[in-house]
Amino acid sequence: MHKSAMPQEGTDTFDDQIRIVLVETSHSGNIGAVARAMKNMALGSLWLVNPASFPDETSYARAAGASDVLDNARVVTSLDEAIADCVCVMGTSARGRKVPWPVMAPPDAAAKAAEHSAAGPVAVVFGRENHGLSNEELQRCNFHIHIPSNPDYSSLNLSMAVQVMCYELRMDYLRGLEGGDGSPYLKPMNAPGDAGWDVPPAPVKDVEGFFEHLEQVLVDVDFHRREKPGLLMTRLRRLFQRAKLDRTEISILRGVLTAVQKSAGTDQPGSNTSKARSAAGEQE
Ligand code: SAH
């Protein structure tokens, strides 16, 4: 049978080697929103450098079901303490600084973080809501990450910036899963034939049978004349081909056509239509 396109329970583990560090956050609601953003993307290691207020009610309210991330959060008094054991530190910034550092876009930064995390903890550091990270703090980082936002309005809400990075970290993790296990999460499920679709795609002979039946019905109800076809069937073909019909959809459509013929009194036993109806019935 088709494999579900949705993530299965229990296939993910919290990656504690990737550490999210928030420096001097002023709004505890943002800390809660960060916990939620992290847990959604299966990350669990949160370090807080001198938060203005933590733990408190607002942070837990905003964390929704991610209160475990807050329970396990480490509160420290300096950035140095939060990154002392890290093998790689990445600082996020909404704007360029005087002396430019190597800057990465989020997907590359996520790949780099995952790579380095094999050797030890990797910190992704986020700054204060009002003025970001100081130059001294950014200079403690190996790389800078810039989310390529609108240059005229570049600063994201803290938790949203964390969400973007956690999402990229998760995408990198899923892409790297062995044996293609990540593919059900990443591949699009748009049409019959794609992994996860609930009904197999209709084979060409069934689709062609449907077009034949459709044309017959349109003739029966005086909507279409075979001697003066114009582009009607071409346009209808394009419409239905675009939908990439599955077997059940073909059956339903043929059932509808048969009902139209019955009601129009054109459904003669032994006719093409009658054969089509039984074909549709067989597919149910
Ligand atoms: N006004 C501050 C930005 C604060 S936003 C400034 O000008 O620096 C709070 C934090 O969210 C930032 O310190 C950074 O960690 C993160 N952030 C916001 N927008 C970002 C962006 N476009 N790229 C990377 N990080 C961003």
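What comes next is a walk through the structure. No experiment lies behind these values; they were computed from the predicted model shown. (Residues numbered from 1 in each chain as written. Predicted model: local features only at pLDDT ≥ 70, side-chain atom pairs only at ≥ 80, totals over all residues.)

1. Section: helix H7 (residues 158-175)
Point 1. Over its 18 residues, H7 extends 26 Å from the first C-alpha to the last, a length consistent with the 26 Å expected when each residue adds 1.5 Å.
Point 2. Within the sequence span of H7, burial applies to Leu-158, Ser-159, Ala-161, Val-162, Met-165, Cys-166, Glu-168, Leu-169, Asp-172 and Tyr-173.
Point 3. Buried residues along H7 sit against strand S1 (18-23), helix H1 (28-40), strand S4 (88-92), helix H5 (106-116), strand S6 (122-126) and strand S7 (143-145). (Helix = DSSP H or I, 4+ residues; strand = E, 2+ residues; numbered from the N terminus. Expected span 1.5 Å × (residues − 1). Buried ≥ 20, exposed ≤ 12 C-beta atoms within 10 Å, placed from the backbone. Contact = placed C-beta atoms within 7 Å.)

2. Observations regarding H1
Point 1. Helix length check: H1, at 13 residues, gives a terminal C-alpha distance of 19 Å against a target of 18 Å (1.5 Å per residue), a fit within 8%.
Point 2. Burial in H1 covers these residues: Ser-28, Asn-30, Ile-31, Gly-32, Ala-33, Val-34, Ala-35, Arg-36, Ala-37, Met-38 and Lys-39.
Point 3. Buried residues in H1 make contact with S1, strand S2 (45-49), helix H2 (57-63), helix H3 (67-71) and H7.
Point 4. Positive backbone phi, approximately 65°, marks Ala-42, located one or two places after H1.

3. Focus: the sheet that holds S4
Point 1. Judged by pairing direction, the sheet is parallel, and its seven strands sit side by side in the order S3-S2-S1-S6-S4-S7-S5 without closing on themselves. Whereas interior strands pair on both sides, the edge strands pair on one side only; in this sheet they are strand S3 (74-76) and strand S5 (103-104).
Point 2. Both S4 and S7 contribute to a ladder of three bridges, which runs parallel. In the sheet register, Gly-91 faces S7, and the bridge partner there is His-144.
Point 3. Contacting S1, S4, S6 and S7, H7 crosses the sheet at an angle of about 155° to S6. (Pairing = 2+ DSSP bridges. Axes fitted to C-alpha atoms, helices over the stretch in contact; angles between N-to-C directions.)

4. A look at the site of the ligand
Point 1. Taken together, 19 residues sit near the ligand, with Thr-92, Gly-127, Gly-132, Ile-147 and Ala-161 positioned nearest.
Point 2. Per-class residue counts for the shell around the ligand are eight nonpolar, nine polar and two charged. (Near = placed C-beta within 6 Å. Nonpolar A, V, L, I, M, F, W, Y, C, P; charged D, E, K, R; others polar.)

5. Regarding unusual backbone geometry
Point 1. The amide bond that connects Phe-54 to the next residue, Pro-55, takes the cis arrangement and shows omega of -5°.
Point 2. Structurally, Pro-55 is set in the loop between S2 and H2.
Point 3. The residue Ala-42 is not glycine, and still its phi comes out positive at about 65°.
Point 4. Examined against the element boundaries, Ala-42 turns out to sit in the loop between H1 and S2.

6. Quick look at the pairing of S6
Point 1. The buried fraction of S6 amounts to five of the five residues, a majority that puts the element mostly inside the structure.
Point 2. Burial along S6 is two-sided: Val-122, Val-124 and Phe-126 facing one way and Ala-123 and Val-125 facing the other are all buried.
Point 3. In this structure, S1 lies alongside S6, joined through five bridges in parallel fashion. Within S6, the position partnered with Val-21 by the bridge is Val-125.

Read these as layout, nothing more, since geometry by itself doesn't imply function.
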